[in-house]
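Here's the letter readout for the chains.
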Amino acid sequence: MQNGRSQEEEAFDEKDDPMTGKKSRFGLDRQGMHHLGTVHWNQSAPVLYEHAVRRGEGELALGGSFSVSTGLFTGRTPRDKYIVEEPGTKDTVAWGKINQPVSPDQFASLHQRLLAYLQGRELFVQDLYAGADPAYRLPVRVVTDGAWHSLFSRNMFIRPPADELPGFEPAFTILHAPKFLAIPEQDKINSEVFILVNFAERLVLIGGTQYAGEIKKSVFGYLNFVLPARGVLPMHASANVGPKGDCAIFFGLSGTGKTTLSADASRTLIGDDEHGWSPTGIFNFEGGCYAKVINLSPVNEPEIYATITRFGTVLENVVLHPETRMPDVDDQSLTENTRACYPIDFIPNADPRGLAPHPRNVVMLTCDAFGVMPPIAKLTPEQAMYHFLSGYTARVAGTEKGLGNAPEATFSTCFGAPFMPRHPAVYAKMLGGLIREHGAQCWLVNTGWSGGTYGAGRRMPIAHTRALLRAALDGRLAAAPVRKEANFGLLVPESCPEVPNEVLDPRGTWSDKKAYDETARGLTQRFEANFREYEPFVGSEIKEVAIRAAA
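Residues numbered from 1 in each chain as written. Predicted model: local features only at pLDDT ≥ 70, side-chain atom pairs only at ≥ 80, totals over all residues. Heavy atoms only, no water.

## A few points about the overall build of the protein
This is how it is decided: In this description a helix means any DSSP run of H or I spanning at least four residues, a strand means any run of E spanning at least two, and both kinds are numbered starting from the N terminus. For the radius of gyration, the atoms used are the C-alpha atoms, and the globule rule reads 2.2 Å times the number of residues raised to 0.38. Per-residue accessibility, obtained with a 1.4 Å probe over protein chains only, is compared with the maximum for each type, and a residue is labelled buried under 20%, exposed over 50%, and partly exposed between these values. Contact criterion: two residues are considered in contact whenever any of their non-hydrogen atoms come within 4.5 Å of each other. Note on areas: these come from Shrake-Rupley sampling with a 1.4 Å probe, and a residue is covered only by the protein chains present in the view. Charge assignment in this entry is limited to Lys and Arg as positive and Asp and Glu as negative, and neither His nor the chain termini are counted. Where a charge lies is defined by one atom per residue type: Lys uses NZ, Arg uses CZ, Asp uses CG and Glu uses CD.
When you go through the protein residue by residue, the secondary structure sums to twelve helices and 30 strands. At 24 Å, the protein has a C-alpha radius of gyration in line with the 24 Å of a compact globule built from 551 residues. Projected onto its principal axes, the C-alpha coordinates of the protein cover approximately 75 × 55 × 45 Å. In the protein, which comprises 551 residues, the share counted as buried stands at 58%. When contacts within the protein are restricted to residue pairs at least 6 apart in sequence, long-range pairs at least 24 apart make up 72% of them. Of the accessible surface of the protein, which amounts to about 21,900 Å², a share of 51% is contributed by carbon and sulfur atoms. For the protein, the distance from the average position of its 55 positive side-chain charges to the average position of its 63 negative side-chain charges is 4 Å.

This is the structure in structure tokens:
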């Protein structure tokens with residue numbers, strides 16, 4: 001025993017250790033952090049594995065992935081995210097239930113207590129980039145007291161060449177301490193969990209939750225604030241490129257198929273979740289993927305499935321078989337929101353450059369659990385802006401606590417409301433301008449239910465969705481005859497190769513046509529009610545295509 005601690009509990013001594021990554025000359029002391037324990041800089045995946053195992057942070061799964069449990073919080077906690085209200089944000093942030101304000105004094109108080117908490121602790125630092133385009137690249141520093149969170153960050157963002165690390169200077173820093181709790185009464189916030197964003201100081205504080213998605217989305221939120229002012233549209237969208245160099249982007253909320261559909265073996269993956277549309281084209285914000293893996297299929301999603309047993313992948317809340325340690329992607333006993341985080345080069349057809357030309361096709365994905373929307377529809381630019389502002393999908397029983405047996409409509413504007421600091425109309429106006437400027441064809445794709453609501457109908461076969469997308473992206477559907485659908489005003493192709501004609505008519509797939517009509521009318525009412533919030537901020541051309549319930 002030494003100072004009351006066993007030798008096994010001693011902090012890892014990395015002095016003169018050749019495995020230690022290069023350290024930036026811009027040290028933590030210049031960011032107000034002093035009297036720290038051992039600080040591990042820019043360590044590689046194998047070294048972070050050693051630390052994580054030593055510290056008991058998780059366990060090895062079959063094939064070498066690293067499995068962790070995030071405890072109480074298995075998803076984001078939007079009600080615990082706040083933005084500091086100061087001169088630079090006072091009139092530019094869309095304040096409300098999502099973008100909640102805190103004062104600079106509230107932030108400073110919690111910041112100082114967090115710095116005190118970190119004193120003497122073993123820390124892990126990753127210096128990384130967000131943004132594949134060097135013209136818009138953001139140098140990001142993640143400081144965490146957990147080895148697996150450091151590995152997550154290293155997987156998730158773009159890793160600089162080793163020779164750039166000594167001169168790395170962060171433009172945005174995340175201080176991450178999952179076990180440090182706020183004092184709600186003192187800090188005047190909702191709970192012990194906090195994600196506090198300070199755009200002026202380019203700093204985020206995260207505590208009280210081990211869910212790593214908060215790290216990822218903090219960077220996304222910052223880029224969503226700063227990039228529009230530079231003429232770049234930030235998008236919660238995946239992207240890929242076809243053999244002829246044609247780029248497609250896929251907007252969609254969690255569970256709509258954004259990651260799965262972009263990881264198409266016949267096309268080159270640019271990124272699975274977050275991109276910017278700049279004056280020169282599309283660029284990935286990230287260097288990795290964060291795939292939802294519940295019920296993942298080795299047949300339908302082989303590229304993603306292969307990552308769950310690969311060294312370097314971090315599995316969040318995925319149950320392992322107790323003897324074989326094989327990940328059980330069908331087990332949702334911990335959460336329905338099971339995740340795998342891996343570097344993008346784990347997908348064989350990914351482009352490590354993360355760059356693509358302007359998109360020829362813009363796809364908006366929805367998972368309609370009511371089973372009334374068509375599997376694919378052509379959109380005018382005005383309809384695309386309308387559906388972008390609406391951001392519709394539906395959640396079903398079992399996906400979240402508190403949901404009953406009936407589907408629940410979800411409208412998340414810009415297909416990512418929790419991450420959009422500015423008013424949604426800012427992003428919608430930019431999207432509409434880019435679609436018109438570059439002549440992109442727009443599509444609405446329903447990956448949800450057919451033949452009835454959730455529990456009565458069936459999920460749209462992924463083979464049909466892929467066939468519809470292939471025909472849309474290669475131009476075959478653009479010239480196909482269409483019919484105007486009665487409830488939502490959508491232009492639906494009358495036929496598509498490899499897809500039965502009856503699948504294209506959602507009403508025809510229902511045995512009870514009256515039930516279809518009632519369900520469809522109910523959904524149009526939800527669309528109409530949701531859009532009232534945005535009508536004052538859009539022009540007449542978008543109001544004309546807005547979905548209205550029949551009188």
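## Quick word on unusual backbone geometry
The bulk of non-glycine residues show a negative phi, and the bulk of peptide bonds are trans. Within the chain, Arg-202 stands out as a residue other than glycine whose phi angle is a positive 55 degrees. Mapping Arg-202 onto the fold places it in the loop between β9 (194-198) and β10 (203-207). One non-glycine residue, Arg-325, lies in positive phi territory at about 65 degrees. Turning to its location among the elements, Arg-325 is positioned in the loop between β18 (319-320) and β19 (327-328). Residue class for Arg-325 comes out partly exposed when judged on its relative accessible area of 32%.

## Observations concerning the sheet that holds strand β16 (residues 288-292)
Defined as follows: Two strands form a pair only when DSSP identifies at least two bridges running between them.
Spatially, the five strands line up as an open sheet ordered β2-β3-β17-β20-β16, and their pairing is mixed. Across the chains shown, the open sheet's two edge strands, defined by having one partner strand only, are β2 (59-60) and β16. One ladder, built from three bridges, connects strand β3 (residues 66-68) with strand β17 (residues 314-316); its direction is parallel. Bridge pairing links Val-68 to Glu-316 in β17.

## Let's talk about helix α5 (residues 213-226)
Which entries qualify depends on this criterion: By this rule, a helix spans an expected 1.5 Å times one less than how many residues it contains.
Compared with the 20 Å implied by 1.5 Å per residue over 14 residues, the 20 Å span of α5 between its first and last C-alpha is a close match. Most of α5 sits inside the fold, with 13 of its 14 residues counted as buried.

## Considerations on the pairing of strand β14 (residues 274-278)
Among the five residues in β14, five count as buried, and that is most of the element. Here β14 shows a buried face lined by Glu-274, Gly-276 and Ser-278 and a second buried face lined by His-275 and Trp-277. Judged from the four bridges that link them, β14 and strand β15 (residues 281-284) form a sheet pairing that is antiparallel. Across the sheet, the residue bridging to Trp-277 is Ile-282, located in β15.

## Some words on the packing of aromatic side chains
Here is the rule we go by: Geometry of aromatic contacts follows a simple scheme: Phe, Tyr and Trp rings, the Trp one being its six-membered ring, pair when their centres are within 6.5 Å, and the pair is stacked under 30 degrees between planes, edge-to-face over 60, tilted otherwise. The rule is short: NZ of Lys or CZ of Arg within 6 Å of the ring centre and within 35 degrees of the ring normal puts a charge over the ring.
Counting across every chain of the model gives 26 aromatic pairs. Seen in terms of ring centroids, Tyr-129 and Phe-168 are 5.7 Å apart; in terms of plane orientation they differ by 40 degrees. Their pairing is tilted. With Tyr-129 in strand β6 (residues 123-130) and Phe-168 in the loop between α3 (147-156) and β8 (172-177), this pair connects stretches of sequence that are 39 residues apart. A single burial state applies to Tyr-129 and to Phe-168, both of which are buried. On the numbers, 5.4 Å between centres and 40 degrees between planes, the contact of Tyr-392 with Phe-411 is tilted. Of this pair, Tyr-392 sits in strand β24 (residues 392-395) while Phe-411 sits in strand β25 (residues 408-411), and the two are 19 residues apart along the sequence. For Tyr-392, a relative accessible area of 3% puts it in the buried group. Each member of the aromatic cluster is reached from another via a ring pair, and the members are Tyr-386, Tyr-392, Phe-411, Phe-488, Phe-527, Phe-531 and Tyr-534. In this arrangement the basic side chain of Arg-121 is found over the ring face of Tyr-117, its NZ or CZ atom lying 3.8 Å from the centre.

## Quick word on the confidence of the model for the protein
Note the cut-off: Each residue carries a pLDDT score, the predictor's confidence in it, ranging from 0 to 100.
Overall, the prediction assigns the protein a mean pLDDT of 93, with 94% of residues at 70 or greater. Predicted confidence is poor over residues 1-14, with pLDDT under 50, and the contacts of this stretch with residues over four places away or in other chains come to 19 contacts. Within the model, the stretch residues 397-404 combines pLDDT values under 50 with eleven contacts to residues more than four positions away or in other chains.

## Describing the pattern of salt bridges
This is how it is decided: Salt bridges are defined by distance alone: a side-chain nitrogen of Lys or Arg within 4 Å of a carboxyl oxygen of Asp or Glu.
Across all of its chains, the model carries 23 salt bridges by this definition. Here Glu-57 and Arg-55 are joined by a salt bridge, their closest N and O atoms 2.6 Å apart. Classification of Arg-55 by relative accessible area gives partly exposed; the value is 30%. Between Arg-476 and Asp-474 there is a salt bridge, and its shortest N-O distance comes to 2.8 Å. Looking at Arg-476, the relative accessible area reads 38%, which means it is partly exposed. Judged by relative accessible area, Asp-474 falls into the partly exposed class, the value being 46%. Through salt bridges with shared partners, a single ionic network connects Lys-216, Lys-217, Lys-258, Asp-273, Glu-274 and Glu-286.

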